[in-house]
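So the chains spell out like this:
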Amino acid sequence: MIRRLTLTARLTFLYTLVSAVVLLGLGVLVAWSTHLHFIDLDRDYLLDKVQLIEKIVDETPEPVELAAKLDESLNSHQGLFISITRGDEQLFGKGGITFPAELAARSAADQPMDWTDGERQLRGMSTELSTAQMRGGLTSPGQSMRLTLALDTQHHTHFMQMLRQQLAIYVILATLLSGLLGWWAARSGLAPLRTMRERALKVTAHKLDERMPIDAVPVEMAELARSLNTMLERLQQDFTKLMEFSSDIAHELRTPISNLLTQTQVSLSQHRDPDTYRDILASNAEEFQRLARMVSDMLFLAKTDHGIQLPNREDVALEEEAKSLLDFYDAVAEDKELRLRVVGAGSVVGDRLMIRRAISNLLSNALRHAHPHTEVELTVESEGDGINLCVTNTGDPVEAVDLPRLFDRFYRADKARAHPSSDGAGLGLAITKAIMLAHGGSVAVTSVAGRTRFCLHFVSQP
Amino acid sequence: MKILIVEDERKTGEYLCMGLREAGYAVELLNNGVDGLHQALEGDHDLIILDVMLPGMDGWQVLRGLRAQGREMPVLFLTAKDHVDDRVKGLELGADDYLVKPFSFSELLARVRTILRRGRSGMEPTTLQVADLELDLLRRRVTRAGKRIDLTAKEFGLLELLMRRKGEVLPRSLIASQVWDVNFDSDTNVIEVAMRRLRVKVDDGFECRLLQTVRGMGYVLEVPEHS
């Protein structure tokens, strides 16, 4: 149940609970101390009277005279009850109550005893009169005198009742007030959360540049705000990439489709001889094949974006695959009078088909950009925690700004040379990168003085 | 040779039908799985081309139904989804091949021919011959009109493929896969260059050009009709 409460309600509730417990404890403590204090006061008062009576008894030899003297000196004390007995004989009584029998067993050192007599609430004590010498013959040998006295504590009870009432009212009011304060404190304490919430509400697909206010929130929340900002940053980057990608797709598809459409409609506009039709259809077929390849490349990338499992895992000897691919590209290389060579060896664990595809894309790229009569070199070597496979060609230097973007989808360093001649859609290197990421590896490219070097880094399996 | 196509996409079905008919096959087209299975059980088709996504009953179910009845005719799957799982599933169920849409017709035709050829094993020839071009598989030698032609190993492989399947238009992807074991979309330019070089060696200086490019489709080795 408490899980569904708002944070403010929860804090307010806890705060009120704590206040109630503290205040209640304080109230009980006050009431109890007052009660104990009254007992102490009463005891002192009663002991005081015991002393006084002892003194009078001491000084008075005659029982009759004693009663008169006691009457005289104790008359003004309201609510005080006294009884002096000698054996079974009552020498003096004041107040006219019957004391409980068990009182007779007590002495002045004991705590006063509480009891009720009808309406009255009484607190009393009893003691053997220890007069130094029983002058005046009030006692005869073998007889002792006992003084029993009590105090009406009605007024204390009244006071205590009032005190308890007042304390209860105070505790209730103070608890309510502190609850209110707690609510206010929680609300203002949580204000930064509301600020963040309002900020978060502003974030939409079109407004991904909103950020959490790090400086405006307390230190404890700054960390959270920072993490959220990092998340937003990543989302924004990915989202921008996705947007660019979709607009690139649209653009890449639009050109060939519009070519096809125009060409087809123009050819349909009048009768032509069969050879022309055949030519047009053949050219259309070529364009369609390009489109189909682009779509399957994009699907491949979309799949790897979702983090694919490698279909097969096996030991792949990189130099073997490289040699077999060089065989494939041999004719093109000879055509361009390029020398191809493989240096080094090393094997990795991965999907053979995908690795071949990654290497093939690098070779295709290198051959396309190599100057005639140069060498394209493929090296395999151990490096750090894994194996590097690099393809180096000599060609036009690549601008430093273009380097990191070469692996982006549809990115072409040379916009003007865009596609007609090269039949790739600008996805080859992106696919290579995706394959390497799927293998837990990485890609890198450097270009120094026309020597462009693409490297695939495979991390060795532990 | 009778082929049954079960494909619910009308245009695709009709064009496949037309293409395969023109390639010399007797073709029957159905557009849903239930009819497809029924017809496949009734008829005596040499090959069934099955779309995976079909109304009524999907391609997997049709195949299962066929195999459950003990019908062992080859089945080629067509699918729009390229999932390794699907491929594995198809092959486990006893499909013979698997093509992902969009595919080129020449690719399909080449595969159909491969499947249909499989059953007919005869004596493996030691020499292949087309017109005056001869390829000796044992001695790995090629001669044209009695004149020796020097080929690299891969060129020999390429020519062998074209001669074995003379008269068939072979798409570039099939050539890349069969000769170089490149089973993914690659620079098709590579095949063009290789073919051009092979053509120089095989056809240059001869009246009759055997190696022909079929634009938009692929390559074929055959004696031209007009000569």
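Residues numbered from 1 in each chain as written. Chains lettered and ligands numbered in written order. Predicted model: local features only at pLDDT ≥ 70, side-chain atom pairs only at ≥ 80, totals over all residues.

A.B. asks: Outline the overall build of chain A, supporting the account with residue identities and numerical values.
C.D. replies: Scanning chain A from terminus to terminus reveals nine helices and twelve strands. Buried residues in chain A amount to 23% of all 462 residues. A separation threshold of at least 6 residues defines the contact pool for chain A, and within that pool the share at least 24 residues apart is 66%. (Helix = DSSP H or I, 4+ residues; strand = E, 2+ residues; numbered from the N terminus. Buried ≥ 20, exposed ≤ 12 C-beta atoms within 10 Å, placed from the backbone. Contact = placed C-beta atoms within 7 Å.)

A.B. asks: Kindly report on the sheet that holds strand β1 (residues 80–86) of chain A, identifying the contributing residues and their values.
C.D. replies: Residue and element names in this part refer to chain A. Strand order in the open sheet formed by five strands is β2-β1-β5-β4-β3, and the pairing between neighbours is antiparallel. Two strands bound the open sheet, and with one partner strand each, they are β2 (89–94) and β3 (113–117). Sheet twist, expressed as the mean angle between neighbouring strand axes with direction ignored, is 25°. Of the pairings in the sheet, the one linking β3 to strand β4 (residues 120–128) comprises five bridges and is antiparallel in character. Among the inter-strand pairings, Met113 is bridged to a residue of β4, identified as Gly124. Packed onto the sheet, helix α1 (residues 7–59) meets β1, β4 and β5 (145–152) and runs at close to 140° relative to β5. Where helix α2 (residues 63–74) meets the sheet, its contacts fall on β1 and β2, and the angle it forms with β2 comes to roughly 20°. (Pairing = 2+ DSSP bridges. Axes fitted to C-alpha atoms, helices over the stretch in contact; angles between N-to-C directions.)

A.B. asks: Just give me the short version of the sheet that holds strand β4 (residues 75–79) of chain B, but keep the residues and values in it.
C.D. replies: Residues and elements named next belong to chain B. Pairing is parallel in the open sheet, where five strands are placed in the order β2-β1-β3-β4-β5. In the strand order of this sheet, the two ends are held by β2 (26–30) and β5 (97–100), each with one partner. Strand after strand, the sheet turns through a mean of 15° between neighbouring axes, direction not considered. Pairing of strand β3 (residues 47–51) with β4, which is carried by four bridges, proceeds in the parallel orientation. Paired with Ile49 across the bridge in β4 is Leu76. Across the face of the sheet, helix α1 (residues 10–22) comes into contact with β1 (2–6), β2 and β3 while running at roughly 170° to β2.

A.B. asks: Any details on the interface of chain A and chain B? Residues and values, ideally.
C.D. replies: Tallying the contact residues gives 24 residues for chain A and 22 residues for chain B. Those elements giving two or more residues to the side of chain A that touches chain B turn out to be α6 (274–305), α7 (318–335) and α8 (352–369) of chain A. The dominant element in the side of chain A that touches chain B, judged by the number of residues it contributes, is α6(A), at eleven residues. For the side of chain A that touches chain B, the class distribution of residues is twelve nonpolar, five polar and seven charged. (Nonpolar A, V, L, I, M, F, W, Y, C, P; charged D, E, K, R; others polar.)

A.B. asks: Go over the nonpolar core, please, and point to the residues and values.
C.D. replies: Taken as a class, soluble globular proteins show a tendency for nonpolar side chains to be buried jointly. Grouped together as the largest cluster of nonpolar side chains are 98 residues, with contacts concentrated most on Tyr329(A), Leu367(A), Ile49(B), Leu50(B) and Leu159(B). Apart from the residues lying within four places of it in its own chain, the contact partners of Ile49(B) are Ile3(B), Ile5(B), Leu16(B), Leu76(B) and Leu78(B). In this structure, Leu46(A), Phe81(A), Met145(A) and Ala150(A) belong to the second largest nonpolar core, which totals 19 residues. (Core = buried A, V, L, I, M, F, W, Y, C linked by C-beta atoms within 7 Å.)

A.B. asks: Can you tell me about helix α5 (residues 219–268) of chain A, naming the residues and giving the values?
C.D. replies: Given a rise of 1.5 Å per residue, 50 residues ought to cover 74 Å, and the 72 Å separating the end C-alpha atoms of α5(A) matches this to within 8%. In terms of burial, α5(A) is largely open, as just two of its 50 residues are buried. (Expected span 1.5 Å × (residues − 1).)

A.B. asks: Describe the confidence of the model for chain A, naming the residues involved and giving the relevant values.
C.D. replies: Averaged over all residues, the pLDDT of chain A equals 84, while 92% of them reach at least 70. The low-confidence segment residues 416–422 of chain A, where pLDDT is below 50, has two contacts with residues more than four positions distant or belonging to other chains. (pLDDT = per-residue confidence, 0-100.)

A.B. asks: Would you mind going over the environment of Phe407(A) in detail, with residue names and values included?
C.D. replies: Residue and element names in this part refer to chain A. Residue placement: Phe407 occurs in the loop between β10 (386–394) and α9 (428–438). Phe407 sits in the partly exposed class, given 19 other C-beta atoms within 10 Å. Residues Phe407 and Ala434, 27 residues apart in the sequence, show an inter-C-alpha distance of 9.2 Å. In contact with Phe407, other than residues within four places in its own chain, are Leu429, Ala430, Lys433 and Val443.

A.B. asks: An account of the environment of Glu89(A) is needed here, citing residue identities and associated values.
C.D. replies: All names here are of chain A. Relative to the elements of secondary structure, Glu89 occurs in strand β2. The exposed category is assigned to Glu89, around which 10 C-beta atoms lie within 10 Å. C-alpha separation for the pair Glu89 and Met145, spaced 56 residues apart in sequence, amounts to 9.5 Å.

A.B. asks: An account of α6(A) is needed here, citing residue identities and associated values.
C.D. replies: Residues and elements named next belong to chain A. For α6, built from 32 residues, the straight-helix expectation of 46 Å at 1.5 Å per residue is met to within 8% by its first-to-last C-alpha distance of 46 Å. Taken together, the buried positions of α6 are occupied by Gln289, Met294, Asp297, Met298 and Phe300. In this structure, the buried residues of α6 make contact with α5 and α9.

A.B. asks: Outline the packing of α6(A) against α9(A), supporting the account with residue identities and numerical values.
C.D. replies: All names here are of chain A. At their nearest, the axes of α6 and α9 sit 10 Å apart, and the two run at 30° to each other. As judged from the angle between their axes, α6 and α9 are roughly parallel. For the pair α6 and α9, the crossing hand works out as left-handed. Contacts between α6 and α9 involve Asp297, Phe300, Leu301 and Thr304 from the former and Ala430, Ile431, Ala434 and Ala438 from the latter. Residues belonging to the contact of α6 with α9 are distributed by class as follows: six nonpolar, one polar and one charged. (Parallel < 35°, antiparallel > 145°, perpendicular 65-115°, else oblique. Left-handed = near helix turned anticlockwise from the far one by under 90°.)

A.B. asks: Go over unusual backbone geometry, please, and point to the residues and values.
C.D. replies: All names here are of chain B. A cis amide bond links Lys101 to the next residue, Pro102, at an omega of -5°. Even without being a glycine, Arg140 presents a positive backbone phi close to 50°. With respect to the helices and strands, the residue Arg140 is situated in the loop between β7 (133–136) and β8 (141–144). Phi at Ala145 takes a positive value of approximately 50°, unusual for a residue other than glycine. Residue classification places Ala145 among the exposed positions, given that 11 C-beta atoms sit within 10 Å.

A.B. asks: Run through the pairing of β7(B), naming residues and quoting values.
C.D. replies: Residues and elements named next belong to chain B. Residues Leu133 and Leu135 line the buried face of β7, whereas the alternating positions Glu134 and Asp136 sit on a face that is not buried. Of the strand pairs in this sheet, strand β6 (residues 127–130) and β7 are connected by four bridges, and their pairing is antiparallel. Note on β7: the bridge partner recorded for Thr127 is Asp136. Turn length for the β6-β7 hairpin, with the two strands adjacent in sequence and antiparallel, is two residues, and the turn residue Ala131 shows positive phi of about 50°. Linkage of β7 to β8, two consecutive antiparallel strands, is achieved through a turn of four residues, within which Arg140 is found at a positive phi near 50°.

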